[in-house]
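# Observations on the three-dimensional arrangement
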Amino acid sequence: MKKFVISIGRQIGSGGKEIAEKLAGKLNIKYYDKTLLDVAARESGIDPEIFANADERESSHFLGGLFSIHGSMADYMPGGSYIQNDKLFQIQSEAIRNLADEENCIIVGRCAEYILRDHPCITSIFVTADKAERIGRIMAIKGLEQEKAAEYIEKEEKKRRNYHDYYASTRWGEARSYDLCINSSLLGIDGTVEFLHSFIQSRIKE
(Lines give C-alpha, C1' and ligand atoms only; values in the text may rest on other atoms or scores of the structure.)
Protein backbone atom coordinates (compact mmCIF):
# COMPACT_ATOMS: atom_id res chain seq x y z
CA MET A 1 0.00 0.00 0.00
CA LYS A 2 1.19 3.50 -0.79
CA LYS A 3 2.58 5.41 2.17
CA PHE A 4 0.15 7.89 3.73
CA VAL A 5 -0.32 9.81 6.96
CA ILE A 6 -3.49 11.61 8.03
CA SER A 7 -3.72 14.46 10.52
CA ILE A 8 -7.11 15.31 11.98
CA GLY A 9 -7.78 18.60 13.75
CA ARG A 10 -11.17 18.96 15.38
CA GLN A 11 -13.51 21.29 17.16
CA ILE A 12 -14.64 20.30 20.64
CA GLY A 13 -17.76 18.16 20.32
CA SER A 14 -17.42 17.65 16.57
CA GLY A 15 -16.87 13.91 16.93
CA GLY A 16 -13.39 14.23 15.48
CA LYS A 17 -11.83 11.64 17.76
CA GLU A 18 -14.57 9.08 17.06
CA ILE A 19 -14.23 9.77 13.34
CA ALA A 20 -10.47 9.27 13.53
CA GLU A 21 -10.88 5.98 15.39
CA LYS A 22 -13.46 4.61 12.95
CA LEU A 23 -11.52 5.80 9.92
CA ALA A 24 -8.39 4.12 11.24
CA GLY A 25 -10.38 0.89 11.59
CA LYS A 26 -11.61 1.04 8.00
CA LEU A 27 -8.09 1.74 6.75
CA ASN A 28 -6.60 -0.92 9.07
CA ILE A 29 -4.06 1.49 10.52
CA LYS A 30 -3.35 2.91 13.98
CA TYR A 31 -4.57 6.26 15.21
CA TYR A 32 -2.76 8.32 17.80
CA ASP A 33 -4.50 10.74 20.11
CA LYS A 34 -3.35 10.83 23.73
CA THR A 35 -1.41 7.64 23.02
CA LEU A 36 1.01 9.89 21.18
CA LEU A 37 2.05 11.24 24.58
CA ASP A 38 3.07 7.74 25.64
CA VAL A 39 5.14 7.39 22.45
CA ALA A 40 6.89 10.70 23.12
CA ALA A 41 7.50 9.76 26.76
CA ARG A 42 8.89 6.36 25.83
CA GLU A 43 11.24 7.78 23.20
CA SER A 44 12.48 10.59 25.44
CA GLY A 45 12.56 8.80 28.79
CA ILE A 46 10.48 11.58 30.37
CA ASP A 47 7.62 10.80 32.75
CA PRO A 48 4.33 10.56 30.75
CA GLU A 49 2.62 12.73 33.38
CA ILE A 50 4.64 15.71 32.20
CA PHE A 51 3.37 15.36 28.66
CA ALA A 52 -0.18 14.87 29.92
CA ASN A 53 -0.03 18.08 31.96
CA ALA A 54 1.25 20.05 28.98
CA ASP A 55 -1.03 18.40 26.41
CA GLU A 56 -2.32 20.95 23.86
CA ARG A 57 -1.53 23.90 26.11
CA GLU A 58 0.85 26.61 25.09
CA SER A 59 3.92 27.48 27.14
CA SER A 60 2.54 30.49 28.98
CA HIS A 61 -0.20 28.48 30.70
CA PHE A 62 2.07 26.59 33.08
CA LEU A 63 4.27 28.58 35.44
CA GLY A 64 6.01 30.37 32.61
CA GLY A 65 6.66 27.09 30.82
CA LEU A 66 8.28 25.20 33.70
CA PHE A 67 7.08 21.78 34.86
CA SER A 68 7.86 19.25 37.54
CA ILE A 69 6.88 15.64 38.05
CA HIS A 70 5.78 15.80 41.67
CA GLY A 71 4.71 19.44 41.88
CA SER A 72 8.21 20.66 42.66
CA MET A 73 9.79 22.49 39.74
CA ALA A 74 13.21 21.05 40.57
CA ASP A 75 12.17 17.41 40.59
CA TYR A 76 11.35 16.73 36.96
CA MET A 77 14.66 15.60 35.56
CA PRO A 78 17.83 14.10 37.02
CA GLY A 79 19.90 16.83 38.59
CA GLY A 80 16.82 19.00 39.18
CA SER A 81 16.82 20.59 35.72
CA TYR A 82 13.70 22.24 34.34
CA ILE A 83 11.70 21.17 31.31
CA GLN A 84 10.14 23.92 29.25
CA ASN A 85 6.89 23.38 27.38
CA ASP A 86 8.71 24.34 24.19
CA LYS A 87 11.11 21.46 24.74
CA LEU A 88 8.22 19.08 25.33
CA PHE A 89 6.67 20.27 22.08
CA GLN A 90 9.94 19.60 20.26
CA ILE A 91 10.10 16.07 21.68
CA GLN A 92 6.46 15.42 20.78
CA SER A 93 7.06 16.82 17.28
CA GLU A 94 9.95 14.42 16.78
CA ALA A 95 7.73 11.54 17.86
CA ILE A 96 5.13 12.64 15.29
CA ARG A 97 7.74 12.80 12.53
CA ASN A 98 9.05 9.36 13.47
CA LEU A 99 5.57 7.85 13.32
CA ALA A 100 4.94 9.48 9.95
CA ASP A 101 8.16 7.99 8.61
CA GLU A 102 7.63 4.54 10.08
CA GLU A 103 3.98 3.68 9.46
CA ASN A 104 0.67 4.61 7.89
CA CYS A 105 -1.34 6.24 10.66
CA ILE A 106 -3.79 8.91 11.77
CA ILE A 107 -2.60 11.58 14.21
CA VAL A 108 -5.26 13.59 16.05
CA GLY A 109 -4.54 17.20 16.98
CA ARG A 110 -1.23 18.32 18.48
CA CYS A 111 -0.33 20.55 15.50
CA ALA A 112 0.36 17.44 13.41
CA GLU A 113 -0.72 19.10 10.17
CA TYR A 114 1.80 21.88 10.80
CA ILE A 115 4.60 19.64 12.06
CA LEU A 116 4.22 17.41 9.00
CA ARG A 117 3.56 20.23 6.52
CA ASP A 118 6.61 19.24 4.43
CA HIS A 119 5.99 15.49 4.63
CA PRO A 120 5.25 14.16 1.13
CA CYS A 121 2.51 11.77 2.29
CA ILE A 122 0.45 13.97 4.63
CA THR A 123 -3.27 14.61 4.19
CA SER A 124 -4.58 17.15 6.69
CA ILE A 125 -8.23 17.25 7.71
CA PHE A 126 -10.20 19.51 10.03
CA VAL A 127 -13.54 18.37 11.47
CA THR A 128 -16.15 20.87 12.56
CA ALA A 129 -19.86 20.57 13.40
CA ASP A 130 -22.89 22.77 14.03
CA LYS A 131 -22.76 24.47 17.41
CA ALA A 132 -26.02 22.99 18.69
CA GLU A 133 -24.84 19.49 17.84
CA ARG A 134 -21.48 20.06 19.50
CA ILE A 135 -23.18 21.30 22.65
CA GLY A 136 -25.51 18.30 22.63
CA ARG A 137 -22.62 15.87 22.25
CA ILE A 138 -20.71 17.44 25.15
CA MET A 139 -23.86 17.39 27.29
CA ALA A 140 -24.12 13.65 26.68
CA ILE A 141 -20.42 12.88 27.12
CA LYS A 142 -19.76 15.09 30.14
CA GLY A 143 -23.18 14.98 31.77
CA LEU A 144 -23.45 18.77 31.70
CA GLU A 145 -26.39 21.14 31.37
CA GLN A 146 -26.61 23.09 28.11
CA GLU A 147 -25.12 26.31 29.48
CA LYS A 148 -22.24 24.50 31.17
CA ALA A 149 -21.56 22.47 28.02
CA ALA A 150 -21.36 25.66 25.96
CA GLU A 151 -18.95 27.16 28.51
CA TYR A 152 -16.84 23.99 28.45
CA ILE A 153 -16.57 24.12 24.66
CA GLU A 154 -15.56 27.77 24.69
CA LYS A 155 -12.93 27.22 27.38
CA GLU A 156 -11.41 24.07 25.86
CA GLU A 157 -11.39 25.45 22.33
CA LYS A 158 -9.57 28.54 23.55
CA LYS A 159 -6.87 26.28 25.00
CA ARG A 160 -6.69 24.23 21.82
CA ARG A 161 -6.54 27.32 19.59
CA ASN A 162 -3.93 29.02 21.76
CA TYR A 163 -1.76 25.91 21.78
CA HIS A 164 -1.90 25.51 18.02
CA ASP A 165 -1.38 29.16 17.18
CA TYR A 166 1.44 29.48 19.72
CA TYR A 167 3.52 26.81 17.99
CA ALA A 168 2.30 27.02 14.37
CA SER A 169 2.51 29.81 11.83
CA THR A 170 -0.92 28.75 10.51
CA ARG A 171 -4.22 29.32 12.30
CA TRP A 172 -6.24 26.60 14.00
CA GLY A 173 -9.44 25.81 12.15
CA GLU A 174 -8.79 28.06 9.15
CA ALA A 175 -9.55 26.28 5.87
CA ARG A 176 -6.28 27.31 4.24
CA SER A 177 -4.37 25.44 6.96
CA TYR A 178 -5.76 22.04 5.88
CA ASP A 179 -6.29 19.94 2.76
CA LEU A 180 -9.93 19.33 3.66
CA CYS A 181 -12.40 20.80 6.16
CA ILE A 182 -15.64 18.92 6.78
CA ASN A 183 -18.77 19.54 8.85
CA SER A 184 -19.69 16.25 10.50
CA SER A 185 -23.26 17.49 11.07
CA LEU A 186 -23.98 17.20 7.35
CA LEU A 187 -23.37 13.46 7.01
CA GLY A 188 -23.27 12.31 10.63
CA ILE A 189 -20.32 10.50 12.19
CA ASP A 190 -20.57 7.33 10.12
CA GLY A 191 -21.35 9.22 6.91
CA THR A 192 -18.34 11.45 7.50
CA VAL A 193 -16.16 8.39 8.04
CA GLU A 194 -17.37 6.90 4.75
CA PHE A 195 -16.73 10.15 2.90
CA LEU A 196 -13.22 10.49 4.33
CA HIS A 197 -12.49 6.85 3.59
CA SER A 198 -13.33 7.42 -0.07
CA PHE A 199 -11.35 10.66 -0.09
CA ILE A 200 -8.25 9.00 1.37
CA GLN A 201 -8.50 6.06 -1.01
CA SER A 202 -8.59 8.51 -3.92
CA ARG A 203 -5.51 10.25 -2.55
CA ILE A 204 -3.68 6.93 -2.18
CA LYS A 205 -4.41 6.02 -5.79
CA GLU A 206 -2.95 9.29 -7.12
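The structure reproduced in this document is the subject of the present report. (Residues numbered from 1 in each chain as written. Predicted model: local features only at pLDDT ≥ 70, side-chain atom pairs only at ≥ 80, totals over all residues. Heavy atoms only, no water.)

All right, on to helix α6 (residues 131-142) then. For α6, spanning 12 residues, the distance from its first C-alpha to its last is 16 Å, which sits close to the expected 16 Å at 1.5 Å a residue. Inspection of α6 places Arg 134, Ile 135, Arg 137 and Ile 138 among the buried residues, and these make up the whole buried set. Projected onto a plane normal to the axis of α6, the buried residues spread over an arc of 160° and lie on a single side. Away from its buried face by more than 90 degrees, α6 exposes Ala 132 and Ala 140. In this fold, the buried residues of α6 make contact with α7 (146-167) and α8 (184-205). Trailing α6 by a residue or two, Gly 143 shows a phi angle of about 70°, which is positive. (Helix = DSSP H or I, 4+ residues; strand = E, 2+ residues; numbered from the N terminus. Expected span 1.5 Å × (residues − 1). Buried < 20%, exposed > 50% of the residue type's maximum accessible area, 1.4 Å probe, protein only. Arc of directions from axis to C-beta. Contact = heavy atoms within 4.5 Å.)

With 26 residues, the main nonpolar core has Val 5, Leu 36, Phe 51, Ile 96, Ile 107 and Leu 116 as its most contacted residues. For this core, the elements supplying multiple residues, two or more each, are α2 (35-44), α3 (48-54), α4 (85-102), β5 (105-108), α5 (112-115) and α7. With seven residues, α4 is the single largest residue contributor to this core. Other than its neighbours up to four places away in sequence, Ile 107 contacts Val 5, Ile 6, Ser 7, Ile 8, Tyr 32, Leu 36, Ile 96, Ala 112 and Leu 116. With 20 residues, the next largest nonpolar core counts Ala 24, Ile 29, Ile 182 and Ile 204 among its residues. (Core = buried A, V, L, I, M, F, W, Y, C linked by side-chain atoms within 4.5 Å.)

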